[in-house]
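The chain contents come next:
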Amino acid sequence: MKTTLRWVLYSLLLVLFILHNDFWFWGTPQIVLGLPVGLLYHIVFCFVASLLMFSLVKFVWREK
C-alpha cells in the first residue's frame, strides 16, 4: 500500500510539473472572479502544489 501511494504521489508531481507551463492561458484576456484567468490558474496551482508537497512529506518521506 505504501509503495502504491508513493508512486501515485510521484506521478502527480510529474503531472503538476507538466501543467505548470500554462501556454493555453497565455493570451487569454478573460477575467474570472476579478482576476485574469492565468493568474487565477497559478493561484489554484500553488494551492494544489502545496497540498501535494504536504502529502509527500507526510506519507513518503522516510523516518530514520
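In what follows, the accompanying structure is described.

A separate point is the overall build of the chain. Secondary structure assignment for the chain yields 2 helices and 2 strands. Order of helices (α) and strands (β) in the chain, N terminus to C terminus: α-β-β-α. Against the compact-globule benchmark of 11 Å for 64 residues, the chain has a radius of gyration of 15 Å, which places it well outside the compact range. Referenced to the eigenvectors of the C-alpha coordinate spread, the extents of the chain come out at roughly 50 × 20 × 15 Å. In the chain, which comprises 64 residues, the proportion classed as buried is 22%. Partitioning the contacts of the chain with sequence separation of at least 6, the portion at a separation of at least 24 is 58%. Just so you have it, the chain exposes about 5500 Å², and 75% of that area is on carbon and sulfur atoms.

It is worth spelling out the nonpolar core at this point. Formed by Leu 9, Leu 16, Phe 45, Ala 49, Leu 52, Leu 56 and Val 60, the largest nonpolar core amounts to 7 residues. Setting aside residues no more than four positions away along its own chain, Leu 52 makes contact with Leu 9, Leu 12, Leu 13 and Leu 16.

This brings us to a nonpolar patch on the surface. Side chains of Trp 7, Tyr 10, Leu 13 and Met 53 sit close together on the surface and give an oily, nonpolar patch of about 410 Å² of accessible area. Along the chain, Leu 13 turns up in helix H1 (residues 2-19). Here Leu 13 falls in the partly exposed class, since its relative accessible area comes to 31%.

This part is about H1. In a regular helix each residue adds 1.5 Å, so 18 residues correspond to 26 Å; H1 covers 26 Å between its end C-alpha atoms and thus fits that length. Within H1, burial applies to Arg 6, Leu 9 and Leu 16. Viewed end-on, H1 has its buried residues packed into an arc of 85°, placing them on one side of the element. Across from the buried face of H1, at angles greater than 90 degrees, the exposed residues are Thr 4, Trp 7, Leu 14 and Ile 18. Of the surrounding secondary structure, the elements contacted by the buried residues of H1 are helix H2 (37-59).

Definitions and limits used
Residues numbered from 1 in each chain as written. Predicted model: local features only at pLDDT ≥ 70, side-chain atom pairs only at ≥ 80, totals over all residues. Heavy atoms only, no water. Helix = DSSP H or I, 4+ residues; strand = E, 2+ residues; numbered from the N terminus. Rg over C-alpha atoms; globule rule 2.2 N^0.38 Å. Buried < 20%, exposed > 50% of the residue type's maximum accessible area, 1.4 Å probe, protein only. Contact = heavy atoms within 4.5 Å. Areas by Shrake-Rupley, 256 points an atom, 1.4 Å probe, with all protein chains shown as cover. Core = buried A, V, L, I, M, F, W, Y, C linked by side-chain atoms within 4.5 Å. Patch = residues over 30% accessible without salt bridge, like charges linked within 9 Å, V, L, I, M, F, W, Y side chains within 5 Å. Salt bridge = Lys/Arg side-chain N within 4 Å of Asp/Glu carboxyl O. Expected span 1.5 Å × (residues − 1). Arc of directions from axis to C-beta.

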